[in-house]
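Understanding the architecture of this molecule
One-letter residues, chain by chain:
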Amino acid sequence: MPISFRTAAPGALVLAGFLALTVAAFGQTPALPPKLSGETVNVEVKIVPFYAVDAQGNPVYDLRQDEVELRVAGAPVPIESFDRYAIQTGRAGAEASPLTPAPARSVFFLFDQAFSSPTGFNSDKRLAARMIAGWPGGDRLFLMVHGTAAGIERKLGPVPPDAEGKKELLAAIEALQPETRRLELQEDTRADYGPAATRASRGKFADAAPASQRASVNDGIQGSVRNEYHSIARDFASSLGDFAAELRRVDGPKVLVIFSQGMDSDLYFLGSSGLKVASTESVEVDSRRAPPLVDRFRQPLAMLAESGAALLFVNTDRSPESDADAVLHHMAQSTGGLYLEGRDPRDLETLIARSTTAYYEAGFHPAAPLLERDSAAVQVTVRRPGVRVLAPAAVRTRESYLALSTFEKRRLVIDLLSGGPAAQRAHSPVRLSVQNLEGRVVSQAASGHPGLRFEAAWPADLATRKLDVYNVLFAPPAEGRKGKILRYDVREAVASGDRAALDTALEGEGTVVWGIVAVDPETQQTWLSRLVLKAPEKPEK
């Protein structure tokens, strides 16, 4: 997901020219809001969203609080708030519900270009077109894709589901293409190694060389293909974790629809078996060379389960020759999502619409034992025969800096530097206690180093504490240009003697922001220096 920048507060410290410093007051930094107070972790009421359907798959709008049981970490918890809403679908013939319309949802359509068949991908596009045509108003729609080159990326959105927004979204979906034969495990490794005179007729393969002589070539082909497949799948797992972290930052109800044909189940659950292609022999392969892909997906799936999104895994081209849908089944089960498969877009569209119409939110306050962990398994049970729910499999029970992923910490720091503590709190439930980091900026021209140094005045009580220190330089958005991170350096658990001074070198042109953030992971106390600089313009040639 692209970084969203906010323009830094104007000029408490301006660097005019490459080495000349112009400061209103020595070591001055932008004014910050008063120091935050409160607990080390955020223990606000937690919301568990869910959708409900009956045994026939029809939405259930009239559940009562006393019919719903919420279990967190295996134990029942009191429900302190209970709200129910109706998604007013735009499908023809749909009945309107008397319930309060749901708040605007963020809806993400994720097309897997890498692990989709051509037939399935085209069916996915037809299904998405039907879904969008009848999508209710008020939501925000996004188009996401997963490819072998860039991982998961946003192609479009947010757009409203009005006539113009739907037209734009449909056009973007129609333009998508699968990476046909980009990832193929079942490569045809047969080859004709005989002299030209003895080769078989066109369209056939001659057994000119014994299988034993071809085995090493076949093994190399298959090994290369599997390695590439494995690599792309690992990258998918990594980008899925980053996307899950991004989903957590999105407020309000959210829905993620993933269109895919799944992955090879053997590589996912077992890893490489070491079986030689075109050979009756087999060898034992060190499992560390090609371990089961599921090991790479456990953490990203756990993060997806905690994102608060309703998850739909859709397979429109289940193959009778492979068990790739078992992978999607596992992903759905691990996250609390719903796995749907079928070849008729009309049936799938109806099922998806019914499954995401009757929306509920149950709130609970984490008790002391739950606050000893960052997250816990959650289960929603309805005491009414035949009623099933679509609900996340996990919930964050406390919010702390230590529990954040590397990606989430990066976003937290950028938010803090570009918009201050208010922007950080707006996008993350972690509550940092922020205060100014005093110090002075000096030029290093005398040493021949074309850069700047910030000599921090660290408080005396930090002498024995280790901090995570971020040294960031970025260009905020301006007319005609997007925001861009120029440098992003992070050091964890930095002792007092190693953080006396921090360096940077001006890059780019125009206004840039040099930010230094230091966080005590245990207490979440944070020290911030944010300097607005003016990088030199390149001389005209």
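Scroll up to find the structure this text is about.
The rules we used
- Residues numbered from 1 in each chain as written.
- Predicted model: local features only at pLDDT ≥ 70, side-chain atom pairs only at ≥ 80, totals over all residues.
- Heavy atoms only, no water.
- Helix = DSSP H or I, 4+ residues; strand = E, 2+ residues; numbered from the N terminus.
- Areas by Shrake-Rupley, 256 points an atom, 1.4 Å probe, with all protein chains shown as cover.
- Axes fitted to C-alpha atoms, helices over the stretch in contact; angles between N-to-C directions.
- Parallel < 35°, antiparallel > 145°, perpendicular 65-115°, else oblique.
- Left-handed = near helix turned anticlockwise from the far one by under 90°.
- Contact = heavy atoms within 4.5 Å.
- Nonpolar A, V, L, I, M, F, W, Y, C, P; charged D, E, K, R; others polar.
- Salt bridge = Lys/Arg side-chain N within 4 Å of Asp/Glu carboxyl O.
- Buried < 20%, exposed > 50% of the residue type's maximum accessible area, 1.4 Å probe, protein only.
- Pairing = 2+ DSSP bridges.
- Phe/Tyr/Trp six-rings, centres within 6.5 Å; stacked < 30°, edge-to-face > 60°.

1. Structural notes on the overall build of the chain
From N to C terminus, the chain includes eight helices and 24 strands. Of the roughly 25500 Å² of accessible surface on the chain, a fraction of 50% belongs to carbon and sulfur atoms.

2. Concerning the packing of helix H5 (residues 294–305) against helix H6 (residues 325–335)
Two elements in contact, H5 and H6, have axes separated by 9 Å at closest approach and are oriented at 40°. Classified by the angle their axes make, H5 and H6 are oblique. Seen from above, H5 lies across H6 with right-handed handedness. Between H5 and H6, the residues in contact are Val294, Phe297, Leu301, Leu304 and Ala305 and His330, Met331, Ser334 and Thr335, respectively. Residues that form the contact of H5 with H6 fall into these classes: six nonpolar, three polar and no charged.

3. Concerning the pattern of salt bridges
A complete count under the given rule lists 26 salt bridges for this structure. Residue Arg396 is joined to Glu306 by a salt bridge in which the shortest nitrogen-to-oxygen separation is 3.1 Å. On the criterion of sequence distance, the pair formed by Arg396 in strand S16 (residues 394–396) and Glu306 in the loop between H5 and strand S11 (310–315) is long-range, its members being 90 residues apart. Owing to a relative accessible area of 9%, Arg396 belongs among the buried residues under this scheme. Residue classification places Glu306 among the buried residues on the basis of a relative accessible area of 14%. Connected through shared salt-bridge partners, Lys46, Arg248, Glu306, Arg396, Glu399 and Glu408 make up one network.

4. Side note on unusual backbone geometry
For the bond running from Gly157 to Pro158, omega is 5°, close enough to zero to count as cis. Checked against the element boundaries, Pro158 lands in strand S9 (residues 151–159). Look at Gln524: it is not a glycine, yet its phi comes out positive at around 65°. Along the polypeptide, Gln524 turns up in the loop between strand S23 (510–519) and strand S24 (525–535).

5. Examining the sheet that holds strand S5 (residues 75–76)
One open sheet holds the four strands; their spatial order is S5-S4-S14-S16, and the pairing between them is antiparallel. Looking at which strands have only one partner, the edges of the open sheet turn out to be S5 and S16. As judged from the three bridges shared by strand S14 (residues 375–382) and S16, these two strands associate in the antiparallel manner. Each bridged residue has a counterpart across the sheet, and for Ser375 the counterpart in S16 is Arg396.

6. Some words on the pairing of strand S3 (residues 46–53)
Burial analysis of S3 places seven of its eight residues in the buried class, the great majority of the element. Relative to strand S13 (residues 358–364), S3 runs antiparallel, the two being bridged by six bridges. Paired with Ile47 across the strands is Gly363, a residue of S13. With three bridges joining them, S3 and strand S15 (residues 388–390) adopt antiparallel strand pairing. Across the sheet, Ala52 pairs through a bridge with Val389, a residue of S15.

7. Let's talk about the environment of Leu338
On the secondary structure map, Leu338 appears in strand S12 (residues 338–341). Spatially, the C-alpha atom of Leu338 lies 9.1 Å from that of Ser355, the residues being 17 residues apart in sequence. Apart from the residues lying within four places of it in its own chain, the contact partners of Leu338 are Leu311, Leu312, Phe313, Ala332, Ser355 and Leu390.

8. Let's talk about the environment of Pro161
In this structure, Pro161 sits in the loop between S9 and helix H2 (163–174). Taking the C-alpha atoms as reference, Pro161 lies 6.9 Å from Pro136; in sequence the two are 25 residues apart. Filtering out sequence-adjacent residues up to four positions away, Pro161 remains in contact with Trp135, Pro136, Gly137, Gly138, Asp139, Leu141 and Lys166.

9. Thoughts on the packing of aromatic side chains
How two aromatic rings sit relative to each other is set out by the distance from centre to centre and by the angle between their planes. In the structure shown here, the tally under the stated rule is 16 aromatic pairs. Ring geometry for Phe115 and Tyr229: centres 5.2 Å apart, planes at 70°, overall edge-to-face. Separated by 114 residues along the polypeptide, Phe115 in the loop between strand S7 (106–112) and helix H1 (118–133) and Tyr229 in helix H3 (residues 211–248) bring together distant segments of the chain. The exposure classification of Phe115 matches that of Tyr229, with both residues buried. Centroid distance Phe236 to Phe297: 5.9 Å. Interplanar angle 75°. Geometry classified as edge-to-face. Taken together, the positions of Phe236 in helix H3 and Phe297 in helix H5 put the pair 61 residues apart, joining distant regions of the chain. With respect to burial, Phe236 and Phe297 carry one shared label: buried.

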